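Results of the structural survey
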Amino acid sequence: MTIQQCKYVMEILKRGSFNEAAKTLFIAQSSLSASIKALEKELNITIFKRSNSGVYLTNEGAEFIRHASYIVNQNDFILKKYSNGDNCKKLRITTQHYDFVADIFSKMLNSITDTDYKMSLKETQTYNVIKEVETGYCDIGIIAIKNTDYDIMNRFLSNKKIEFNLLLKAQPHIYIKKGHNLSKYKNLSHGELKNYPFVSYEQGKYGNSFFTEEIAEDLSVAKHIEISDRASLMNVLLTTDSYTIGTGIMPSTLNDGKIISIPLKSSSYYNIGYILNSDRKCSELTAYFANMLKDELT
């Protein structure tokens, strides 16, 4: 099957006949018919049925045209994109659920003077952050590795040809709403949290302990809530007496002071850093964002 054959099918459908399509395509009708017949034979389907009023799609043909349309549109997009040159700067960032990354991303946007660029920031599960850097879909990822999982996670990353660049080590903090019963404490232990609901980010089928974002030494939590996005988690914290555990790095400009953090008594800590694919050359914009991370966090 070729893209040209897909275009032939779409043109026949558009014109309603092989004869009219052949005229538009500037080829002989016999050549067009032969090409479609070869395509049908290869795929073992019948795309068109002829009638006195023209041609019409079979059910198989209707399904095929959906796929063919996508192929042709993608082909046209790629040809247009690269034939005219595409020199604008690009940066795709993937991260665990950290508002400080969004804060630094905004500062970077305000500092860039280029007239053309394409950028994206995606918050997702830990495994997906790693996967998207590994496959090259994203240029840089931001994760925090718990000290108890540091060795095993680094081996995991190394096997995928991913480099972890440490920025800082951070003590775990409890996040709760302002005015919470626990807000009067200067620091908290896991025992003091046992009567309150614990909120964490769900990790899907990759729920291994070293993929979780929260340092939770007490695994026997009676009340546990899993949430997939940061906005929903913040809303639960603001409207209930629940808590979550994080790095303690929380720009007040993003939470408006309604969420507070209290140090957690723990021997565990976060290793916060960014990951890069060691097989890919770091772009100018990627390096710029990495330097901003260093400046803001260290």
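Everything that follows concerns the structure shown earlier in this document.
I will try to describe carefully the structure that is included in this document. (Residues numbered from 1 in each chain as written. Predicted model: local features only at pLDDT ≥ 70, side-chain atom pairs only at ≥ 80, totals over all residues. Heavy atoms only, no water.)

**Regarding the sheet that holds strand E3 (residues 89–95)**
Put simply, the rule reads: A strand pair is defined by DSSP finding two or more bridges across the two strands. Starting at the N terminus, helices and strands are each numbered in turn, a helix being any DSSP run of H or I of at least four residues and a strand any DSSP run of E of at least two. Axis definition: a line fit to C-alpha positions, over the contact stretch in the case of helices; interaxial angles, taken between N-to-C directions, run 0 to 180 degrees. Here, residues are in contact when the closest pair of their heavy atoms is within 4.5 Å.
Strand order across the open sheet formed by five strands is E4-E3-E5-E12-E6, with mixed pairing between neighbours. Two strands lie at the open edges of the sheet, namely strand E4 (117–123) and strand E6 (162–170), each paired on one side alone. Across the sheet, the axes of successive neighbouring strands diverge by a mean angle of 20°, strand direction being ignored. Each of E3, E4, strand E5 (140–146) and strand E12 (270–277) is contacted by helix H5 (residues 99–111), which is oriented at about 170° to E4, the strand it contacts most.

**Structural notes on the sheet that holds strand E7 (residues 173–177)**
Pairing is antiparallel in the open sheet, where three strands are placed in the order E10-E7-E11. Each of the sheet's edge strands pairs with one partner strand only, and the pair in question is strand E10 (244–246) and strand E11 (259–263). Looking at each pair of strands side by side, their axes are set apart by 40° on average, direction ignored. Two strands pair when backbone bridges link them, and E7 and E11 are joined in this way by five bridges, in the antiparallel orientation. The partner of Lys177 across the bridge, within E11, is Ile259.

**Thoughts on helix H8 (residues 230–239)**
Put simply, the rule is: Exposure is judged per residue with a 1.4 Å probe applied to protein chains only, and the accessible area is read against the type maximum: over 50% gives exposed, under 20% gives buried, and values in between give partly exposed. Comment: arc refers to directions from the helix axis out to C-beta atoms.
Among all positions of H8, only Leu233, Met234, Val236 and Leu237 are buried. Here the buried residues of H8 occupy an arc of 160° about the axis, which is enough to place them on one side. Every exposed residue of H8 that faces more than 90 degrees away from the buried side is listed here: Ala231 and Thr239.

**Concerning the side chain of Gln125**
Basically, it comes down to this: Counting of polar contacts relies on pairs of N or O atoms within 3.5 Å, with two restrictions inside protein: one atom must be capable of donating a hydrogen and the other of accepting it, and residues adjacent in sequence are counted only when both atoms are side-chain atoms.
Of note, Gln125 is situated in the loop between E4 and helix H6 (126–134). Under the relative-accessibility criterion, Gln125 is labelled buried at 16%. Polar side-chain contacts of Gln125 include one of 2.9 Å to the side chain of Glu202. Residues within four places of Gln125 in sequence aside, it is in contact with His97, Glu202, Gln203 and Gly204.

**Regarding the nonpolar core**
Worth spelling out the cut-off: Here the nonpolar core consists of buried residues drawn from Ala, Val, Leu, Ile, Met, Phe, Trp, Tyr and Cys, with membership extended through side-chain atoms lying within 4.5 Å.
Within the largest apolar cluster, 37 residues are counted, with the highest numbers of intra-cluster contacts made by Ile140, Ile142, Phe289 and Leu293. When residues of this core are traced back to their parent elements, those giving at least two are E3, H5, E5, E6, E7, E12 and helix H10 (284–297). A total of six residues in this core trace back to one element, the largest contributor, which is H10. If sequence neighbours within four positions are ignored, Ile140 has contacts with Leu91, Arg92, Ile93, Thr94, Val133, Tyr274, Ile275, Leu276, Thr286, Phe289, Ala290 and Leu293.

**Regarding the state of the cysteines**
Put simply, the test is: Here, two cysteine sulfur atoms that lie within 2.5 Å of each other are counted as a disulfide.
Per the counting criterion, the structure on display carries zero disulfides. We note that Cys138 lacks a disulfide partner, and the nearest cysteine sulfur, in Cys282, lies 14 Å from it. Residue Cys138 is classed as buried on the basis of its relative accessible area, which comes to 2%.

**Some details on the packing of H6 against helix H7 (residues 150–159)**
Going by this rule: What sets the label is the angle itself: under 35 degrees gives roughly parallel, over 145 gives roughly antiparallel, 65 to 115 gives roughly perpendicular, and the rest give oblique. Each crossing gets its hand from how the near helix is turned against the far one by less than a right angle, where anticlockwise is left-handed and clockwise is right-handed. Any residue that is not Ala, Val, Leu, Ile, Met, Phe, Trp, Tyr, Cys, Pro, Asp, Glu, Lys or Arg is counted as polar, Gly included; the first ten are nonpolar and the last four charged.
Contact geometry of H6 with H7 gives a least axis separation of 11 Å together with a crossing angle of 30°. Taken together, the axis directions place H6 and H7 in an arrangement best described as roughly parallel. Once H6 is placed against H7, the crossing between them reads as right-handed. Where H6 abuts H7, its residues Thr126, Tyr127 and Ile130 lie against Met153, Phe156 and Leu157. Partitioned by chemical class, the residues of the contact of H6 with H7 number five nonpolar, one polar and no charged.

**Some points on the side chain of Asn271**
By the secondary structure assignment, Asn271 is in strand E12. With residues near it in sequence (within four places) discarded, Asn271 still touches Ile143, Ala144, Ile145, Lys146, Asn147, Tyr150, Phe164, Leu166, Leu168 and Lys169.

**A closer look at the environment of Asn75**
Along the chain, the position of Asn75 falls in helix H4 (residues 59–83). Classification of Asn75 as buried rests on a relative accessible area of 17%. As a C-alpha pair, Asn75 and Tyr185 span 110 residues in sequence and 60 Å in three-dimensional space. In contact with Asn75, other than residues within four places in its own chain, are Ile3 and Lys7.

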